[in-house]
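Architecture and fold: a report
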Amino acid sequence: MDIIAEKFAEAKKYWLDQLSGELIPVNLFTDFPGPGEYRAASRRIVLEANESRGLLRISKNNELALYTILLTAVKILLYKWSGQDEI
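Values in this document were obtained by computation on a predicted structure and should not be read as measured data. (Residues numbered from 1 in each chain as written. Predicted model: local features only at pLDDT ≥ 70, side-chain atom pairs only at ≥ 80, totals over all residues. Heavy atoms only, no water.)

Quick look at the overall build of the chain now. Helices and strands together make up the secondary structure of the chain, namely 3 helices and 0 strands. Beginning at the N terminus, the succession of helices and strands in the chain can be written as α-α-α. Out of the 87 residues belonging to the chain, those deemed buried represent 6%. For the chain, the exposed surface amounts to about 8,700 Å²; the carbon and sulfur share of it is 59%. (Helix = DSSP H or I, 4+ residues; strand = E, 2+ residues; numbered from the N terminus. Buried < 20%, exposed > 50% of the residue type's maximum accessible area, 1.4 Å probe, protein only. Areas by Shrake-Rupley, 256 points an atom, 1.4 Å probe, with all protein chains shown as cover.)

Mapped onto the elements, serine 82 comes out in helix H3 (residues 66-82). Given the relative accessible area of 16%, serine 82 is considered buried. A distance of 3.1 Å separates a polar atom in the side chain of serine 82 from the backbone nitrogen of glutamine 84. If sequence neighbours within four positions are ignored, serine 82 has contacts with Val26, Asn27, Leu28 and Ile87. (Polar contact = N/O pair within 3.5 Å; in protein donor to acceptor, adjacent residues only side chain to side chain. Contact = heavy atoms within 4.5 Å.)

The periodicity of an α-helix, 3.6 residues per turn, causes residues three or four positions apart to be oriented the same way. Helix length check: helix H2 (residues 49-61) (13 residues) gives 18 Å between terminal C-alpha atoms against 18 Å at 1.5 Å per residue, within 8%. Remark: glutamate 63 follows H2 within two positions and exhibits a positive phi of approximately 50°. (Expected span 1.5 Å × (residues − 1).)

Turning to the side chain of glutamine 84, a few remarks are in order. Structurally, glutamine 84 can be placed in the segment after H3. Filtering out sequence-adjacent residues up to four positions away, glutamine 84 remains in contact with Ile24, Pro25, Val26, Asn27 and Tyr79.

With 17 residues, H3 extends 24 Å between its outermost C-alpha atoms, agreeing within 8% with the 24 Å of an ideal straight helix rising 1.5 Å per residue. One or two residues past the end of H3 sits glycine 83, with phi positive at roughly 75°.

Once that is clear, we can look at the pattern of salt bridges. In the structure shown here, the tally under the stated rule is 1 salt bridge. With its nearest N and O atoms 2.9 Å apart, the salt bridge here joins lysine 13 to aspartate 17. Remark: aspartate 17 and lysine 13 occur in helix H1 (residues 3-18); sequence separation between them is 4 residues, near one turn of the helix. (Salt bridge = Lys/Arg side-chain N within 4 Å of Asp/Glu carboxyl O.)

With that settled, consider the packing of H2 against H3. Orientation of H2 relative to H3, taken along the N-to-C sense of each, is 110°, at an axis distance of 9 Å. The angle between the axes of H2 and H3 places the two elements in the roughly perpendicular class. For the element pair H2 and H3, the recorded crossing hand is right-handed. Across from Leu55, Leu56, Ile58 and Ser59 in H2, the residues of H3 making contact are Leu66, Ile69 and Leu70. Each residue belonging to the contact of H2 with H3 can be placed in one class, and the counts come to 6 nonpolar, 1 polar and no charged. (Axes fitted to C-alpha atoms, helices over the stretch in contact; angles between N-to-C directions. Parallel < 35°, antiparallel > 145°, perpendicular 65-115°, else oblique. Left-handed = near helix turned anticlockwise from the far one by under 90°. Nonpolar A, V, L, I, M, F, W, Y, C, P; charged D, E, K, R; others polar.)

Everything listed here is a matter of coordinates, which is why it stays silent on function.
Have a look at this one:
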């Protein structure tokens with residue numbers, strides 16, 4: 001087995017161990033009781049040119065994908081709204 005396959009196997013085992021067990025729902029505040037089921041939704045957000053450039057600069061300077069930066073922002077928002085450590 002080559003070194004890349006070994007590292008991948010180690011990483012896979014780590015994350016399978018970390019994510020095993022029962023999923024904890026994120027408790028967000030609502031104005032009304034939900035229907036008891038989850039539905040997908042989307043929202044389009046348009047950024048100003050300087051905001052886009054700033055995000056791309058952060059991405060490039062830290063060698064991170066823009067997706068990673070945006071996902072981190074969403075996770076921080078969910079953490080702040082829910083008060084839960086694990087999102």
